[in-house]
Amino acid sequence: DKLKAGLDKTRKSFTEKIEQLVVGYATIDDEFLDDVEAVLLSADVGVHTTAKLMAEIKSGIKSKEIQAPEQLKPFLQTKISAILAEGATPDRLFAAQPPTVIMVVGINGVGKTTTIGKLGNYYREQGLKVMLAAGDTFRAAAIDQLEIWGQRTGAEVISQFEGSDPAAVAFDAVQSAKAQKADILIIDTAGRLHTKANLMEELKKIKRVISREIPDAPHETLLVLDATTGQNAINQARLFGEAAPVSGIVLTKLDGTAKGGVIVGLKAELHVPVKWIGVGEGINDLRPFVPEEFSRALF
Ligand code: GDP
């Protein structure tokens, strides 16, 4: 299936390297452990998570859970599945009373607009009434792109003009969503990182405006990250986390990257659940993240 095919390169850079390693060693020695560490580091799981996994491997050796190199792969699979499953939450958060407001943040180019379109489509297919808000008013193209997704998915798009106040767009959108009894309102936001302080202020302001209208909203703040950027995705997550509490991560472009291991590092280091994964450019290429399914496809 598409997930398994999408993870081909990650599997090659990770699981297959572990398998090759195992064949090359008859017994577990320091050299073997060094090689295991190198594979983990090259698989983008991150320095901290690699250290954590190495410590677990060493204690697995001590406790005789791992007695021979070939026992390493199943051991790692168990540990990685556990990391991914830890704190796994459902893929959606519905408000007690509609609309459920989902704010989507992330830097330009990560696949934010595409994700919003796909997400809108996902909920529309469930028979829900979806509205999109063009909160990235900095780029005219972002507004146009969202309009196109609106047409494609049958979701109404609330927009103003380029350069208008994103918080005003959000305000409008919340009002319309309430008046028209939308089930889901998905709000796009700007993603230009070169003005970090401004961007973070803007996001906070949008949040304030939303929660003034609906006290427990936004019910979800999704951070979109590009898997192909590897460790950089983890740094971006830290940065955004400082500005706005992120409730879930969308990891895009997992198809065709060798850096899918970053999902393990994200989970282990940030404790923010990955909720959705992007496995292609098509409208149906956004999937709820199911840890067991992912680790099965990876191993
Ligand atoms: P934005 O600037 O963050 O809004 O990014 P866009 O939504 O415009 O996406 C940037 C590019 O990434 C577009 O060409 C998308 O088709 C592509 N893209 C988005 N998500 C995925 C994905 O999961 N897989 C692949 N292969 N491409 C994606």
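What you see is a predicted model; the values in this text were computed from it and never measured.

### Focus on the overall build of the protein chain
Then, number 1: Of regular secondary structure, the protein chain possesses 13 helices and eight strands.
Then, number 2: Scaling as 2.2 N^0.38, a compact globule of 299 residues should have a C-alpha radius of gyration of about 19 Å, and the protein chain matches this with 21 Å.
Then, number 3: C-alpha atoms of the protein chain, sized along the principal axes, occupy 70 × 40 × 35 Å.
Then, number 4: Split into buried and exposed, the 299 residues of the protein chain put 54% on the buried side.
Then, number 5: Contacts in the protein chain between residues at least 24 apart in sequence constitute 76% of all its contacts with a sequence separation of at least 6.

### Here's the deal with the nonpolar core
One broad rule of soluble globular proteins: the nonpolar side chains tend to lie buried together.
Then, number 1: Among the nonpolar cores identified, the biggest contains 97 residues, and Ile263, Ile277 and Phe294 are the most heavily contacted of them.
Then, number 2: Every residue in contact with Ile263, bar those within four places of it in the chain, is listed here: Leu84, Leu251, Leu254, Val274, Ile277, Phe289 and Phe294.

### What to know about the site of the ligand
Then, number 1: Within the structure, the ligand sits among 17 residues, and Gly109, Thr113, Thr114, Asp255 and Glu281 are positioned closest to it.
Then, number 2: The backbone of Gly111 places a nitrogen or oxygen atom 2.9 Å from an oxygen atom of the ligand.
Then, number 3: A distance of 2.6 Å is found between an oxygen atom of the ligand and a side-chain nitrogen or oxygen belonging to Glu281.
Then, number 4: In isolation the ligand exposes 580 Å². Once the protein is present, 79% of that is buried.
Then, number 5: Using a 2 Å cut-off from the grid points, one finds that the ligand occupies the largest pocket.
Then, number 6: Per-element tally for the shell around the ligand: the top contributor is helix α7 (residues 112-125), with four residues.
Then, number 7: Looking at the shell around the ligand, its residues break down into three nonpolar, eight polar and six charged.

### Quick look at the side chain of Lys207
Then, number 1: With respect to the secondary-structure elements, Lys207 resides in helix α10 (residues 196-213).
Then, number 2: Comment: no salt bridge for buried Lys207; closest opposite-charge side chain is Glu220, at 9.6 Å.
Then, number 3: Filtering out sequence-adjacent residues up to four positions away, Lys207 remains in contact with Met103, Pro218, Thr221, Ala244 and Pro245.

### What about the layout of surface pockets?
Then, number 1: Estimates place the volume of the largest pocket at around 190 Å³.
Then, number 2: Taken together, Val110, Gly111, Thr114, Thr115, Lys118, Thr228, Thr252, Lys253, Asp255, Gly278, Gly280 and Glu281 make up the lining of the largest pocket.
Then, number 3: Class assignment of the residues belonging to the lining of the largest pocket gives a composition of one nonpolar, seven polar and four charged.

### Looking at the pattern of salt bridges
Then, number 1: Per the counting criterion, the structure on display carries twelve salt bridges.
Then, number 2: Between Asp188 and Lys112 there is a salt bridge; the shortest N-O distance is 3.0 Å. A residue pair is termed long-range when its members are at least 10 positions apart, and Asp188 in strand β4 (residues 184-188) and Lys112 in helix α7 qualify at 76 residues. You'll find Asp188 and Lys112 in the same group, each marked buried.
Then, number 3: Put simply, Lys253 and Asp226 hold a salt bridge, and the shortest N to O gap is 3.3 Å. In this pair, Lys253 is assigned in the loop between β6 (248-252) and α12 (262-270) and Asp226 in strand β5 (residues 220-226), connecting sequence segments 27 residues apart.

Calculation notes
- Starting from 1, residues in each chain are numbered consecutively following that chain's sequence as written.
- Totals for whole chains, interfaces and linings use every residue, but because this is a predicted model, local features are given only for residues with pLDDT of at least 70 and side-chain atom pairs only at 80 or more, for both listing and counting.
- Note: side-chain values were computed over all heavy atoms of the structure, leaving out hydrogens and water.
- Labels follow the DSSP assignment, with helices taken as runs of H or I lasting at least four residues and strands as runs of E lasting at least two, numbered in each case from the N terminus.
- Only C-alpha atoms enter the radius of gyration, while the globule expectation follows 2.2 Å times N to the 0.38, with N the number of residues.
- Each residue is placed in one exposure class: buried if its accessible area under a 1.4 Å probe, protein chains only, is under 20% of its type's maximum, exposed if it is over 50%, and partly exposed if it falls in between.
- Throughout, a residue-residue contact means that at least one pair of heavy atoms, one from each residue, lies within 4.5 Å.
- Here, the term nonpolar core denotes a set of buried Ala, Val, Leu, Ile, Met, Phe, Trp, Tyr and Cys residues that are joined through side-chain atoms within 4.5 Å.
- To be near a molecule or strand, a residue needs just one of its heavy atoms within 4 Å of it.
- Polar contact criterion, stated in full: a pair of N or O atoms within 3.5 Å, where within protein one must be able to donate a hydrogen and the other to accept it, and residues adjacent in sequence count only if both atoms are side-chain atoms.
- Areas reported here follow the Shrake-Rupley algorithm with a probe of radius 1.4 Å; residue values treat only the protein chains shown as occluding.
- The definitions used throughout rest on a 1 Å grid laid over the protein atoms alone, on which a cavity is an enclosed set of points accommodating a 1.4 Å probe that cannot get out and a pocket is an open set flanked by protein within 12 Å on both sides along at least five of seven lines; lining residues are those having an atom within 4 Å of a point.
- To be counted as sitting in a cavity or pocket, a molecule needs more than half of its atoms within 2 Å of that site's grid points.
- Three classes are used: nonpolar for Ala, Val, Leu, Ile, Met, Phe, Trp, Tyr, Cys and Pro, charged for Asp, Glu, Lys and Arg, and polar for all others, with Gly counted as polar.
- Charge assignment: positive for Lys and Arg, negative for Asp and Glu; neither His nor the chain ends contribute.
- Every case where a carboxyl oxygen of Asp or Glu lies within 4 Å of a side-chain nitrogen of Lys or Arg is listed as a salt bridge.
- Grid points are joined across faces, edges and corners, and a volume is the space filled by probe spheres set on the points.

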